[in-house]
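Residue-level listing of the chains:
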Amino acid sequence: MADYFDENPKFSEDTFRHRFRMSKSLFLKIVSDVEAYDEWFQEGLDGRMKKSFTPLQKVTSAIKQLATGNPPDEGDEYLNMSERTSRECLEYFCETVCKRYGGEFLRRPTSHDIALLYQAHEDRHHLPGMLGSLDCTHFVWRMCPTELRGQYMRGDHQYPTVMLEAVASQDLWIWHAFCGPAGSQNDINVLQQSPLFLAQRNGTAPNCPFQVNNHLYKRGYYLTDGIYPTWSVFVKSFPYPHDPNEKKFKRQHEAARKDVERAFGVLKSKWGILNRPMRSKTVRKIRSIVYTCLILHNMIIKDDGRAIAPVHIQDPPVEPVFDDTAYTELIDEDTHWRLKHDLVEHLGSLDLPHLEVDSDEE
């Protein structure tokens, strides 16, 4: 309390943000919310009729472990908290944060969100209809059981890994997350298991068409790298462009697709537990930790005022109805090439000096 929370604390607000990865006001809000949501965080009496740890101590222990990635016995000296209690703090905190905040900060884009994403990406990247960038990353699993090592290892990784598929927008907000597939898989295998297009297939996705080059398209699209299939909702770059407009499109596409790569970099640098080998022994606990870091990441973006869509406005509820034609529309290659051609012509018609390409460039 004397270090951070008294009237005249020992450490400044900047030091607090550096060590806890968030502002003090956001931290206190999280403490208050988890205390009200789960009675485990409420202060009580133990079996010896002595006071238990306060909510501030428990949340401090959990966030310290997330931020640094250090083992749970790190709090022995500072918090006078045993290794077992610190581990329990992390597990209960992750479960509570996912239940309390997951509906808002790991939500699917609503029609209001999509309209703001369309506008922001067109203003920033000059790409109308863009929802975000899609990619996968790996987390090293240190405590992977021996019987699962072959399933979670791949030739280009020295250790077992767990994969995360995510969609990020220009403000680095994570709009979709699917964690848990084995590290031996590639991005296409993960996509086949992912619920990314589940709302489109059961008819609950918002209806948000967009127009480019005088052509109307039914759904927004994601920027991807070359491994993804040529679906109508994916836009990939040209591997070997020859036309000046294609070269301009390639540069703009690669500049915009870095949004998800930047998001992964920020996540792993801010939350050290993601950048160090995972000590959890089950995929369920790893998934809970990863989703908690994503939720806190989005909460910090909103708290700092950098979010494109900071307000969650829900759409009217829609009864799910499975539609066979939706999948056919999603994987339509003709729409993919037509959309790509329209985007090339759209960018070619814009006066973008920083994207001018020499026609003789190899």
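Residues numbered from 1 in each chain as written. Predicted model: local features only at pLDDT ≥ 70, side-chain atom pairs only at ≥ 80, totals over all residues. Heavy atoms only, no water.

Within an unreviewed UniProt entry, the label attached to the protein reads Harbinger transposase-derived protein, and the organism entered is Helianthus annuus.

Trainee: Describe the environment of histidine 297, with residues and values.
Mentor: For histidine 297, the position within the fold is in helix α11 (residues 283-303). With 39 residues separating them in the primary sequence, histidine 297 and lysine 258 have C-alpha atoms 18 Å apart. The residues contacting histidine 297, other than those within four sequence positions of it, are Leu172, Ile174, Val266, Leu267 and Trp271. (Helix = DSSP H or I, 4+ residues; strand = E, 2+ residues; numbered from the N terminus. Contact = heavy atoms within 4.5 Å.)

Trainee: For the nonpolar core, give the residues involved together with the corresponding values.
Mentor: In terms of nonpolar packing, the biggest core is built from 96 residues, with Leu66, Phe93 and Trp271 touching the most fellow members. Counting residues per element, this core draws most heavily on α11, which supplies 12 residues. Each residue touching leucine 66, except ones within four places of it in the same chain, is listed here: Leu90, Phe93, Cys94, Trp271, Gly272, Ile273, Ile289, Thr292, Cys293 and Leu296. (Core = buried A, V, L, I, M, F, W, Y, C linked by side-chain atoms within 4.5 Å. Buried < 20%, exposed > 50% of the residue type's maximum accessible area, 1.4 Å probe, protein only.)

Trainee: Which residues make up the packing of aromatic side chains, and what values go with them?
Mentor: All chains considered together, the criterion is met by 25 aromatic pairs. With centroids separated by 5.7 Å and ring planes inclined at 20 degrees, the aromatic side chains of phenylalanine 5 and phenylalanine 27 adopt a geometry described as stacked. Within this pair, whereas phenylalanine 5 is found in the segment before α1 (13-20), its partner phenylalanine 27 is found in helix α2 (residues 24-37), the two being separated by 22 residues in sequence. Grouping aromatic residues by their ring pairs yields a cluster made of Tyr4, Phe5, Phe11, Phe16, Phe20 and Phe27. One residue, lysine 24, lies across the ring of phenylalanine 16, its end atom 5.9 Å from the ring centre. (Phe/Tyr/Trp six-rings, centres within 6.5 Å; stacked < 30°, edge-to-face > 60°. Lys NZ or Arg CZ within 6 Å of the ring centre and 35° of its normal.)

Trainee: Go over the sheet that holds strand β2 (residues 161-168), please, and point to the residues and values.
Mentor: What the 5 strands build is an open sheet, ordered β3-β2-β1-β6-β7; its pairing is mixed. Where the open sheet ends on each side, the last strands, each with one partner, are β3 (174-182) and β7 (234-235). Across the sheet, helix α9 (residues 244-270) touches β1 (130-140), β2, β3, β6 (221-223) and β7, and the angle it forms with β1 is around 45 degrees. (Pairing = 2+ DSSP bridges. Axes fitted to C-alpha atoms, helices over the stretch in contact; angles between N-to-C directions.)

Trainee: Any details on the side chain of glutamate 165? Residues and values, ideally.
Mentor: Among the secondary structure elements, glutamate 165 is positioned in strand β2. Side chain to side chain, glutamate 165 and histidine 176 meet in a polar contact 2.8 Å long. (Polar contact = N/O pair within 3.5 Å; in protein donor to acceptor, adjacent residues only side chain to side chain.)

Trainee: Can you tell me about a negative patch on the surface, naming the residues and giving the values?
Mentor: On the surface, a cluster of negative charge is contributed by Asp73, Glu74, Asp76 and Glu77. Within the secondary structure, aspartate 73 is located in the loop between α3 (55-68) and α4 (75-78). (Patch = residues over 30% accessible without salt bridge, like charges linked within 9 Å, V, L, I, M, F, W, Y side chains within 5 Å. Areas by Shrake-Rupley, 256 points an atom, 1.4 Å probe, with all protein chains shown as cover. Salt bridge = Lys/Arg side-chain N within 4 Å of Asp/Glu carboxyl O. Lys, Arg positive; Asp, Glu negative; His and termini not counted. Charge placed at Lys NZ, Arg CZ, Asp CG, Glu CD.)

Trainee: Give a detailed account of the pairing of β3, specifying residues and quantitative values.
Mentor: With 9 of its 9 residues buried, β3 lies for the most part within the structure. By the bridge criterion, 6 bridges tie β2 to β3 in an arrangement that is antiparallel. Note on β3: the bridge partner recorded for alanine 166 is alanine 177. The hairpin formed by β2 and β3 contains 5 residues between the paired strands, and leucine 172 there has a positive phi angle of roughly 70 degrees.

Trainee: How would you explain the side chain of serine 61 if you had to name every residue and give the values?
Mentor: Along the chain, serine 61 turns up in helix α3. Residue contacts for serine 61: discarding those within four places in its chain leaves Leu79, Met81, Ser86 and Cys89.

Trainee: Give me the lowdown on the pairing of β1, citing residues and values where you can.
Mentor: With respect to burial, β1 is a largely interior element, 10 of its 11 residues being buried. Relative to β6, β1 runs parallel, the two being bridged by 3 bridges. Counted as the bridge partner of glycine 132 is tyrosine 222 from β6. In the sheet, β1 pairs with β2 via 8 bridges, with the strands oriented antiparallel. By the bridge assignment for β2, threonine 137 is matched with leucine 164.

Trainee: Got a sec to walk through the state of the cysteines? Specific residues and values, please.
Mentor: Tallied over the full model, the rule gives 0 disulfides. Of all cysteine sulfurs in the structure, the one in cysteine 94 sits closest to cysteine 89, which takes part in no disulfide; the separation is 11 Å. Unpaired in terms of disulfides, cysteine 179 finds its nearest cysteine sulfur in cysteine 293, a separation of 10 Å. (Disulfide = S-S within 2.5 Å.)

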